[in-house]
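# Survey of secondary and tertiary structure
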Amino acid sequence: MDIDIEDYYRKYAPMVLRRCRFLLREEESALDAMQEVFVNLIRSSGRLSGSYPSSLLYRMATNVCLNMIRSEKRRPAGPIDDVLFAIASNERFEERFEARDFLDRIFGREAPSTREIAVMHFIDRLTHEEIAEEMGMSVSGIRKRLSVLRKRALEIKELKDE
Amino acid sequence: MNNRRVPDITLERFLLDELDEKRVRELRDMIAADTVLRLRLEEMKESSRDILSLYPEETMSLRIREKAFRKTRRPLIRSKLKNVFYALFSKRLISAAAFASVIAAVTFYALTIYRPAEMRRQPEVADVTRAKGLAPGLYIYRKKGDSIEILENGSVAGEGDLLQIGYVSAGLEHGLIFSIDGSGAVTLQHPDRADRSTAIGTGKKILLPTSYELDDAPGFETFYFITSRKEIDVDMVMKKAQKIGRGSASDTIDFTRAGSGDRQYVFTLNKRK
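Residues numbered from 1 in each chain as written. Chains lettered and ligands numbered in written order. Predicted model: local features only at pLDDT ≥ 70, side-chain atom pairs only at ≥ 80, totals over all residues. Heavy atoms only, no water.

This next bit is on the overall build of chain B. Along chain B, the regular secondary structure elements total 9 helices and 10 strands. Here chain B displays about 15500 Å² of accessible surface, and carbon together with sulfur accounts for 53% of that area. (Helix = DSSP H or I, 4+ residues; strand = E, 2+ residues; numbered from the N terminus. Areas by Shrake-Rupley, 256 points an atom, 1.4 Å probe, with all protein chains shown as cover.)

Right, here's the structure in full:
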């Protein structure tokens, strides 16, 4: 599916930039991240069919920001950002579910990211139902992922319990 | 949603008119009664205007396209082409026919041999599906390295195995899929919630929308697929399944009576020790 990047930019850039600003807390990085999201959109425009673009773009923005936090080893100040940094830096999340993502790609679906789920749960405080809706997953699937996260990622659990 | 702060993504989607009608109605009621929510929306609208004024579409879209172009170039092909052209023109050795054949060779290479890594990794699932036909029942696939294998009833599986559940219904339009593991835990696979319809697709193999990871429960994981001509009482079946709970390794338990089902298919995976 070809996309008109100008149309998409006009409609969704404000939402994407707000998301990046919220996660990165720094304008220049947020602007870079926003551009990266639209670059990714151009490169994977086939993924857009059949869903609201806002959900996909919001998730793409979350992922791009997490990657930036991890690659730059940047730890922004503040209690929320500690949690965010832990999620972004914990490669075990992705290692654990990389294979699952691969399965999902095979069957023509979105690749759900456990880090995205963790951000929605721990940072955005979305309910399981809301996360399920955003991710296009079942509520039981979200519960399962979060229970595995709690079980295996002690640092996240500790931060959450604070 | 009433006693919680409305998430930003929900407000964003509201502004973009990308929420379903029910959520829109709920939000409109909340906005009418909540000044803070109205302010948040106004701030978002103002922020959108600021962003598009500060970073206008004309300049930003060019920048984005340029970045996208830089990323999608294929260095391998480009460098080979560069070498070929260098040889052709600097040494003046090649005729027009030879030039055409080189171009054809490079094109052939680009179209058939060089493929992005993602494409090379895609395994073929369709052959497995075709080979197994369309007998009614459960189909469970497991990721194995870079390929997918279809499991047989009684196969051995272990913690962390990634499974994809599929089913074929023999024309019955309702179905319930759940599993009971060796620790007694019951997991509802379809529908994704007990209060949702048990309607299923018929006439072809259908994969559930999410894959499933086996946990460390010992002994076994038994999957049940109950089909019916009418809506199945999920609560009734789940209650019975939960009662059976721990130690219920048997695959002969009949759940059809609990929820008005007509047929039952059972698929057991034995857990690796």
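All names here are of chain B. With 4 of 5 residues buried, strand E6 (residues 186–190) is to be regarded as a mostly interior element. Of the pairings in the sheet, the one linking strand E5 (residues 174–181) to E6 comprises 4 bridges and is antiparallel in character. Within the sheet, the bridge partner assigned to Ser 179 lies in E6 and is Thr 187. Here E5 hands over to E6 after 4 residues, with Gly 184 in that stretch at a positive phi of 90 degrees. (Buried < 20%, exposed > 50% of the residue type's maximum accessible area, 1.4 Å probe, protein only. Pairing = 2+ DSSP bridges.)

Moving on, we get to the state of the cysteines. All names here are of chain A. This model, assessed by the stated rule, comprises 0 disulfides over all chains. Of the cysteine sulfurs around Cys 20, a residue in no disulfide, the closest is that of Cys 65, at 3.7 Å. Residue class for Cys 65 comes out buried when judged on its relative accessible area of 0%. (Disulfide = S-S within 2.5 Å.)

With that out of the way, let us pick up the environment of Arg 25 of chain A. In this structure, Arg 25 of chain A sits in the loop between helix H1 (5–24) and helix H2 (27–43). For Arg 25 of chain A, the side chain forms a polar contact with the main-chain oxygen of Phe 22 of chain A, separated by 2.5 Å. (Polar contact = N/O pair within 3.5 Å; in protein donor to acceptor, adjacent residues only side chain to side chain.)

As a further point, take the sheet that holds strand E9 (residues 220–228) of chain B. Residue and element names in this part refer to chain B. Strand order across the open sheet formed by 5 strands is E3-E10-E9-E5-E6, with mixed pairing between neighbours. Each of the sheet's edge strands pairs with one partner strand only, and the pair in question is strand E3 (156–157) and E6. Sheet strands touched by helix H9 (residues 234–244): E5, E6 and E9. Its angle to E5, the strand with the most contacts, is close to 20 degrees. (Contact = heavy atoms within 4.5 Å. Axes fitted to C-alpha atoms, helices over the stretch in contact; angles between N-to-C directions.)

Let us look at the pattern of salt bridges. Summed over the entire model, instances satisfying the criterion amount to 19 salt bridges over all chains. Here Arg 10 of chain A ties to Glu 57 of chain B by a salt bridge, and the two come within 2.7 Å at their closest N and O atoms. Pair noted here: Arg 10 of chain A is in helix H1 and Glu 57 of chain B is in helix H4 (residues 57–72), and the two residues belong to different chains. The exposure class of Arg 10 of chain A is partly exposed, given its relative accessible area of 38%. A salt bridge links Lys 45 of chain B to Glu 42 of chain B; its shortest N-O distance comes to 3.6 Å. Here Lys 45 of chain B and its partner Glu 42 of chain B are both found in helix H3 (residues 35–54), 3 residues apart, which amounts to about one turn of the helix. (Salt bridge = Lys/Arg side-chain N within 4 Å of Asp/Glu carboxyl O.)

To continue, consider the confidence of the model for chain A. It should be kept in mind that the predicted coordinates are not to be read in detail where pLDDT is low. Residues and elements named next belong to chain A. When pLDDT is averaged along chain A, the result is 72; 60% of the residues meet or exceed 70. Across chain A, element-level confidence peaks in H1 with a mean pLDDT of 93 and bottoms out in helix H5 (residues 91–106) with 41. Between residues 92–112, whose pLDDT stays under 50, and residues either more than four places distant or in other chains, the model counts 66 contacts. (pLDDT = per-residue confidence, 0-100.)

In this section: H3 of chain B. Over its 20 residues, H3 of chain B extends 28 Å from the first C-alpha to the last, a length consistent with the 28 Å expected when each residue adds 1.5 Å. Those residues of H3 of chain B that fall on the buried side of the exposure criterion are Leu 37, Arg 40, Leu 41, Met 44, Ser 47, Ser 48 and Ile 51 of chain B. The buried residues of H3 of chain B occupy one face: seen down the axis, they fall within an arc of 120 degrees. For H3 of chain B, the exposed residues lying more than 90 degrees away from the buried face are Leu 39, Glu 43, Arg 49, Ser 53 and Leu 54 of chain B. In this fold, the buried residues of H3 of chain B make contact with H1 of chain A together with helix H1 (8–15) and helix H2 (21–33) of chain B. Of the residues that open H3 of chain B, the one with a side-chain oxygen 2.9 Å from the backbone nitrogen of Val 36 of chain B is Asp 34 of chain B. (Expected span 1.5 Å × (residues − 1). Arc of directions from axis to C-beta.)

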